[in-house]
Amino acid sequence: GISVQDYAQECAAQGLRGDYTVCRPDFTVEQKYDYSAAEQEVWRTLCDRQTKLTQRLAHKSYLDGMSALGLVDRIPDFHDVSEKLRKLSGWEIVAVPGLIPAQPFFDHLANRRFPVTNWLRTREELDYIVEPDMFHDFFGHVPVLSQPVFGDFMQMYGEKAGDLIALGGDEMTTRLYWYTAEYGLMREAGQPLKAFGAGLMSSFTELQFAVESPDAHQVPFDIETVMRTTYEIDKFQRAYFVLPSFDVLRDAFQNSDLAGIIKRWKDEPPLDPATI
Ligand code: HBI
Ligand code: FE
């Protein structure tokens, strides 16, 4: 894999914000808890505003995780959160300077460690930011990692993603993560539609759109369809996949012939999310 030194240079050249010069070989850093009053204020503003929505629109597993971890009144201490998370699901979190290369990212997931960016967006960026920051990683991803079955899926994804990509399934593998961990919806039997994906949980506008808008295109989860369907990076998704349970996600990932799916579809034209 790429060395920390080479990656640090690449990120600096691309104008990425994190400081990669202080990384360990696994791309983690120490969370220095030295946030300014202004940063604490941005964190509270983001959490206050978003919590009003998540109360109504987030799946129970997310809300239960959030109350168990207590992430909202100040920027979380990663060690405290890891201690609580370990007891709930065997996961922990580690601090990273921002995006890290795919292989170390997968290695962390395979070991039930979620990499959380150690810097926060500014007051001018409350609504939109290109790179994942601490609010996206933490407020979006971490609460639902307290759900053991979703945690199992994320661990297995980390274990298998490298091999699936090596089969030529880079995009197909990424779509699976995108439409579940980032933009997944959930409708359990007899329950209203809810959201759990981190891209939704950390977005003020898209969370409301995905769950409540008559214009949102909600499609039953099917792992092969997910892997064949393209996605949007900086616009609202044109389809959201709806799971009936986390067990269905874990079992589909565990029991499907993912290599076979990739071989069958990798050189075919992908599906358009607007028309699936
Ligand atoms: N690094 N910190 C961080 N967060 C991510 O979500 C992430 C990453 N590196 C690679 C990566 N995601 C992609 O490979 C995804 O497709 C999984
Ligand atoms: Fe994310």
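Look up a bit, the structure's there.
Counting from 1, residues in each chain are numbered in the order their sequence is written. Chain letters and ligand numbers both follow the written order, the letters beginning at A and the numbers at 1. Totals for whole chains, interfaces and linings use every residue, but because this is a predicted model, local features are given only for residues with pLDDT of at least 70 and side-chain atom pairs only at 80 or more, for both listing and counting. Calculation of side-chain values draws on the structure's entire complement of heavy atoms; hydrogens and water are dropped beforehand.

1. Some thoughts on the site of ligand 1
Our working definition: When we say a residue is near a molecule or strand, we mean one of its heavy atoms is within 4 Å of it. Under this definition, polar contacts are N or O atom pairs within 3.5 Å; protein pairs additionally need one hydrogen-donor-capable and one acceptor-capable atom, and for neighbouring residues in sequence, both atoms have to be side-chain atoms. Space inside and on the surface of the protein is sampled on a 1 Å grid over the protein atoms alone, with a cavity defined as a set of points where a 1.4 Å probe fits but cannot get out and a pocket as an open set with protein on both sides within 12 Å along at least 5 of 7 lines; lining residues have an atom within 4 Å of a point. Put plainly, a molecule is in a cavity or pocket when over half of its atoms are within 2 Å of the grid points there. Segments assigned H or I by DSSP are reported as helices when at least four residues long, segments assigned E as strands when at least two residues long, and all are numbered from the N terminus. Charged residues are taken to be Asp, Glu, Lys and Arg, nonpolar residues to be Ala, Val, Leu, Ile, Met, Phe, Trp, Tyr, Cys and Pro, and polar residues to be all remaining types, Gly included.
Inspection of the region around ligand 1 gives V96, G98, L99, I100, A102, F105, F106 and T174 as its neighbouring residues. The contact in question runs from a nitrogen atom of ligand 1 to an N or O atom on the backbone of G98, over 3.0 Å. Assessed atom by atom at 2 Å from the grid points, ligand 1 resides in the largest pocket. Take the shell around ligand 1: its biggest share by element is three residues, from helix α5 (residues 102–110). Class assignment of the residues belonging to the shell around ligand 1 gives a composition of six nonpolar, two polar and no charged.

2. Considering the coordination of the iron ion (ligand 2)
What counts is decided by this rule: Any N, O or S atom lying within 2.8 Å of the metal counts as a donor, and for Na, K and Ca the limit rises to 3.2 Å; water is left out, so some sites can look incomplete. Each residue is assigned to one of three classes by its accessible area relative to the maximum for its type, calculated with a 1.4 Å probe on protein chains only: buried under 20%, partly exposed between the two thresholds, exposed over 50%.
Here the iron ion (ligand 2) is held by the protein donor atoms H136 (NE2), H141 (NE2) and E182 (OE), which lie 2.0 to 2.2 Å from it. On the primary sequence, the residues serving as donors to the iron ion (ligand 2) are separated as H-x4-H-x40-E. On the basis of relative accessible area, H136 is assigned to the buried category, the value being 12%.

3. Structural notes on the layout of surface pockets
For clarity, the cut-off: Grid points are joined across faces, edges and corners, and a volume is the space filled by probe spheres set on the points.
Counted as a void, the largest pocket has a volume near 1300 Å³. Contributing to the lining of the largest pocket are 43 residues, with V130, P132, H136, W178 and E182 lying nearest its centre. Of all the elements in the fold, those that place two or more residues in the lining of the largest pocket are α5, β2 (113–117), α6 (134–141), α7 (148–166), α8 (170–182) and α10 (204–212). Considering each element in turn, the lining of the largest pocket owes the most residues, six residues, to α8. For the lining of the largest pocket, the class distribution of residues is 24 nonpolar, ten polar and nine charged. Size it by volume and the second largest pocket reaches roughly 300 Å³. Surrounding the second largest pocket, 14 residues form its lining, V22, V29, E30, K32 and N118 being those nearest its centre.

4. Here we look at the sheet that holds strand β3 (residues 185–186)
How we decide: Pairs of strands are assigned from DSSP output, requiring at least two bridges between the strands.
One open sheet accounts for four strands, arranged β4-β3-β6-β5; its pairing is mixed. The open sheet terminates on both sides in strands that have one partner only, identified here as β4 (194–195) and β5 (218–220). Across two bridges, the pairing between β3 and β4 is antiparallel. The residue bridging L185 from the neighbouring strand is A195, located in β4.

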